[in-house]
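Letter by letter, the chains look like this.
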Amino acid sequence: MAAAAPLSEAAAAANGAVTEAHDTEVRVLQSLRGKICEAKNLLPYPGPNKMRDCFCTINLDQEEVFRTQVVEKSLSPFYSEEFYFEIPRTFQYLSFYIYDKSVLQRDLRIGKVAIKKEALCTHTGKETWFSLQPVDSNSEVQGKVHLELKLNELITDNGSVCQQLVVHIKACHGLPLINGQSCDPYATVSLVGPSRNDQKKTKVKKKTSNPQFNEIFYFEVTRSSSYTKKSQFQVEEEDIEKLEIRVDLWNNGNLADNFLGEIKVPVKVLRNDSSHQAWYLLQPRDNGNKSSKTDDLGSLRLYICYTEDYVLPSEYYGPLRSLLLKSPDVQPISSSAAYILGEVCRDKYDAVLPLVRLLLHHNKFVPFATAVAELDLKDTQDANTIFRGNSLATRCLDEMMKIVGRHYLKVTLKPVLDEICESSKSCEIDPLKLKEGDNVESNKENLRYYVEKLFSMIIQSNMSCPTVMCDVFYSLRHMAAQRFPNDPHVQYSAVSSFVFLRFFAVAVVSPHTFHLRPHHPDAQTIRTLTLISKAIQTLGSWGSLSKSKSSFKETFMCEFFKMFQEERYIEAVKKFLEEISSTESKEPSGMSEPVHLKEGEMYKRAQGRNRIGKKNFKKRWFCLTSRELTYHKQPGSKDAIYTIPIRNILAVEKLEESSFNKKNMFQVIHMEKPHIEKPLYVQANNCVEASEWIEVLCRVSRCNQRRLSAYHPSAYLNGNWLCCKAASEHTAGCTPCTAGVPADIQIDIDEDRETERIYSLFTLCMPKLQKMEEACGSIAVYQGPRTEPDDYSYLTIEDSVTTFKTLQQIKVILEKLNEPHEKYRKKRSTNAKYGRKIQLLGKCPNQIRTWPTDSEETGITVFIGVFLFITYTICVHIVFNI
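Residues numbered from 1 in each chain as written. Predicted model: local features only at pLDDT ≥ 70, side-chain atom pairs only at ≥ 80, totals over all residues. Heavy atoms only, no water.

Caption draft 1: Here's a closer look at unusual backbone geometry. In this structure, the amide linkage connecting Q331 to the following residue, P332, adopts the cis form with an omega of -10 degrees. Relative to the helices and strands, P332 is located in the loop between α4 (318–325) and α5 (337–344). For N41, which is not glycine, the phi dihedral falls at a positive 55 degrees. Inspection of the secondary structure assignment puts N41 in the loop between β2 (27–40) and β3 (54–60). Despite not being glycine, K725 shows a phi value in the positive range, around 65 degrees. Mapped onto the elements of the fold, K725 is located in the loop between β27 (720–721) and β28 (735–736). (Helix = DSSP H or I, 4+ residues; strand = E, 2+ residues; numbered from the N terminus.)

Caption draft 2: View of the sheet that holds strand β22 (residues 649–654). Taken in spatial order, the seven strands make up an open sheet running β21-β20-β19-β18-β24-β23-β22, and their pairing is antiparallel. The outermost strands of the open sheet, each flanked by one partner alone, are β21 (642–645) and β22. The sheet shows a mean angle of 35 degrees between the axes of neighbouring strands, taken without regard to direction. Bridge analysis of strand β18 (residues 596–605) against strand β24 (residues 676–683) gives two bridges, and the strand direction is antiparallel. Looking at the pairing, K604 lines up with V682 of β24. Sheet strands touched by helix α18 (residues 687–701): β18, β19 (617–625), β20 (628–632), β22 and β23 (665–673). Its angle to β18, the strand with the most contacts, is close to 120 degrees. (Pairing = 2+ DSSP bridges. Axes fitted to C-alpha atoms, helices over the stretch in contact; angles between N-to-C directions. Contact = heavy atoms within 4.5 Å.)

Caption draft 3: Up close: the environment of Q133. One can find Q133 in the loop between β8 (126–131) and β9 (144–155). Each C-alpha atom of the pair Q133 and D296 lies 9.2 Å from the other, and the pair is 163 residues apart in sequence. A distance of 3.5 Å separates a polar atom in the side chain of Q133 from the backbone oxygen of S131. (Polar contact = N/O pair within 3.5 Å; in protein donor to acceptor, adjacent residues only side chain to side chain.)

Caption draft 4: Seen up close, the nonpolar core. If you look at the biggest cluster of nonpolar residues, it comprises 120 residues, and the most contacted ones within it are F365, L413, V499 and F762. Among the elements that make up this core, the one with the highest residue count is helix α12 (residues 490–509) (eleven residues). Not counting residues up to four positions away in its chain, the partners in contact with F365 are V356, L359, L360, C396, L397, M400, V468 and V472. In terms of nonpolar packing, the next biggest core, distinct from the first, is built from 33 residues, V71, I87, I304 and Y306 among them. (Core = buried A, V, L, I, M, F, W, Y, C linked by side-chain atoms within 4.5 Å. Buried < 20%, exposed > 50% of the residue type's maximum accessible area, 1.4 Å probe, protein only.)

Caption draft 5: Quick peek at the pairing of strand β6 (residues 93–100). In terms of burial, β6 is a largely internal element, seven of the eight residues being buried. In this structure, β3 lies alongside β6, joined through seven bridges in antiparallel fashion. Along β6, the bridge assignment pairs C54 with D100. Bridge analysis of β6 against strand β7 (residues 108–116) gives eight bridges, and the strand direction is antiparallel. Counterpart to F96 in the pairing with β7 is V113.

Caption draft 6: Summary view of the packing of α5 against helix α19 (residues 751–764). One can describe the packing of α5 onto α19 by two numbers: an axis separation of 10 Å at closest approach and a directional angle of 55 degrees. The pairing of α5 with α19 is recorded here as oblique in orientation. In the crossing of α5 with α19, the sense of the turn from one axis to the other is left-handed. Contacts between α5 and α19 involve A337, I340 and L341 from the first element and I758, L761 and F762 from the second. Classifying every residue of the contact of α5 with α19 gives six nonpolar, no polar and no charged. (Parallel < 35°, antiparallel > 145°, perpendicular 65-115°, else oblique. Left-handed = near helix turned anticlockwise from the far one by under 90°. Nonpolar A, V, L, I, M, F, W, Y, C, P; charged D, E, K, R; others polar.)

Caption draft 7: Local environment of the sheet that holds β8. Strand order in the open sheet formed by four strands is β5-β2-β17-β8, with antiparallel pairing between adjacent strands. Looking at the sheet topology across the chains shown, the edges are occupied by β5 (78–87) and β8. Between one strand and the next, the sheet's axes are offset by a mean angle of 25 degrees, whatever the strand orientation. Where β2 lies against strand β17 (residues 299–311), 13 bridges are found, and the strand directions are antiparallel. Directly across from K40, in β17, lies its bridge partner S299.

Caption draft 8: Fine view of the pattern of salt bridges. Summed over the entire model, instances satisfying the criterion amount to 38 salt bridges. Where D350 meets R33, a salt bridge forms, and the shortest distance between an N and an O atom there is 3.3 Å. Of this pair, D350 sits in helix α6 (residues 348–361) while R33 sits in strand β2, placing them 317 residues apart in sequence. Assessed through its relative accessible area of 16%, R33 is described here as buried. (Salt bridge = Lys/Arg side-chain N within 4 Å of Asp/Glu carboxyl O.)

Caption draft 9: Main features of the packing of helix α10 (residues 440–459) against helix α16 (residues 567–580). Following both chains from N to C, one finds α10 and α16 inclined at 35 degrees, their axes separated by 10 Å at the closest point. Contact with α10, carried on its side by R448, E452, F455, I458 and I459, involves R568, Y569, A572, V573 and F576 of α16 and no other residues of that element. For the contact of α10 with α16, the per-class residue count stands at seven nonpolar, no polar and three charged.

Caption draft 10: Seen up close, the environment of V700. Within the secondary structure, V700 is located in helix α18. Residues V700 and S626, spaced 74 residues apart in sequence, show a C-alpha to C-alpha distance of 6.6 Å.

Caption draft 11: Examining the packing of aromatic side chains more closely. According to the stated counting rule, one finds 25 aromatic pairs in the structure shown. Seen from their ring centres, F83 and F96 are 6.4 Å apart, and the 50 degrees between their planes marks the pair as tilted. Separated by 13 residues along the polypeptide, F83 in strand β5 and F96 in strand β6 bring together distant segments of the chain. The exposure class assigned to F96 is buried, which follows from its relative accessible area of 0%. Consider the rings of W250 and F259, whose centres lie 5.6 Å apart with planes at 75 degrees: the pair is edge-to-face. Connected via pairs of aromatic rings, a cluster forms that spans Y408, F500, F503, F504 and F576. (Phe/Tyr/Trp six-rings, centres within 6.5 Å; stacked < 30°, edge-to-face > 60°.)

Caption draft 12: Spatial organisation of the side chain of T370. Looking at the element boundaries, T370 is found in helix α7 (residues 365–378). Engagement of the side chain of T370 in a polar contact is seen with the side chain of S475, the distance being 3.3 Å. Not counting residues within four places of it along the chain, the set of residues in contact with T370 comprises S475 and M479.

Written out as structure tokens, the structure reads:
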């Protein structure tokens, strides 16, 4: 095993080490989205029944942050579960574990896929089959060690000179949980050479993942007879290559100690200096990943998209943000910066997500969506295909509905979807798929009952429809009527193609994607939801209802749908579509109902004041709305054990692990009685969950007038605050509260981060921007009709002059933004002291900040290229008069 490379100061600070941060003005934000698709050819169960009940987890190092449902009795389980979360801390490995569920014993880990953080960029944005690797306890490591080495000169009793190696093991950080609890770590420190293995041991630290050892060990290093004064405080060359310090971390177990990781540091690091200290990442043992039968474990299909954004202070993004927000006013819209972004990005989803969020944040989405939808309508020749493609307009509207319509879906669909998913009623009406003993008439009645119930909930939900959606639907409806004045149905199908086809029907068939259910449903429920979704989609289609023949291809669905082809259904859909596409002011009933924000199971510390009773931690179901935070004994319970009105929340902050020797803790400081503050201590299940709860609680309470400016980062125990040692429980906080987050509880948007993502995308697509610029020049220089298709015909350029000017503005802004990014990159590069490669800007596809070059061209080609470019530029400048 190679010797461990130390973390630089910057990397150590980013990893949470106790060092001074050098780049506090730059925020490094990580996110992960993707899909756990399926596994295949898993190792059979050793017994007569070969099948397994399997689930899959996502782990940041050894911390589980996501878990799929259990797929029963299968060696090729199909999961199809999407995930998205912000990563609140650094990590070495992103791992996916396949487990075999056990009722009586601990779940068995069948295999894993472990991807180094540095290798994530090679898998980003694509679906890949990964071979499962064996799970070996010697390879399951995480965390880091702070080590200091010194070399002192000693004169022995007999007058000879020797060297003394001083090893100071200061601390560890981020050790894994053992069986869900903080470990009891200790370290062994060894000086290893060809003929020696001197070992020493630290004390055991109880219940902590961040032990502070602060222990010093001394090892004598023998000097050779060639020692001279010149080589004072230096180790001879022959010793340098032979000696190394090895530090092994262990958990002190009841029956056996668990290996937590190791580092190896050669003594030669002191060759040119008598002192050396650094943070080292723990590594697996040499034989940690060796196995002879890795192919027999099966494989896992994953889609992964990892992004790491380096967000500068807000003032840097002003020009780019301003240019993007002017897009709705640019004529034609295809010449705007926002539209150009959608044109040049290979995957429109990458462009749409930050763009829509930024436009929503500044109330610019409706005019932009109206303008791009109008451009779509110009190219639509058949009213029956209106808004059916995947254009920039339809994708923007899809993303907008997901963002602003989450609560709308929850109050409209969730009660019925919960009933469907928790019921075992069969709704199969396909004669070819009926099971033995199924009654098709009974199934048809079940299906009709669910369709009727969902349809009724939808058509009565107009008052809950978000205003932004209503405003966009109003524009779509009137533009469609103007585009096809002879078609009386098109104004309704323009709206239904979004609200039914792309919103309600999609949410019904995949409720877990819209956070309406915790997991992907089982196979029978998926089939039921698919049939319901088809019926709802067709019910909402004005064209299908108004025709005598339905649009179903399956005969059994045609027969089933005949019972809905009545005038009352047609009128109900028409009335609903008119109501949600009206600009008339709505009653405030939509806001009188509290907005459901988040819920989940966590642990809370007992709130009792009884000094005799033990204040232990209990599992509770937490629920947060726009009005209150409550917790209950179990999910679905209407009677809350404890309620905190949102207006009473004074601060939401992390709690130091040392308070209760528990990780992922935070505190909700609230006003219990007038002028009496009380903290509620809560432990989340993982770092992602803790970060999400802190963020949403801060967001919903940020506008409270009595928010605290300071808090206690540790708990009040045994008569004093652990942080500042103050004796009074009512002593004012000793640490400033962290900065808040945007106060909009409906749409959580970090506009600087969204603008940074857009900057990154523009930079990635610089070759296409240049291609588009060349196309504008060619169109302007040669103004005649296009007789043959050219290599830029796929680009939408309506006005070459306006488009060219916008492209010039984009390039100037990108060049200016590139300067602080390059300065930050150099600063991080300078801080890489001992050869540890820090992940710099421009390393991964999602982080590239470099400009394209043609350094590999020959001298002759470069000369010709420069000549042609100068000639072309002169022509363009003459045409555009710039």
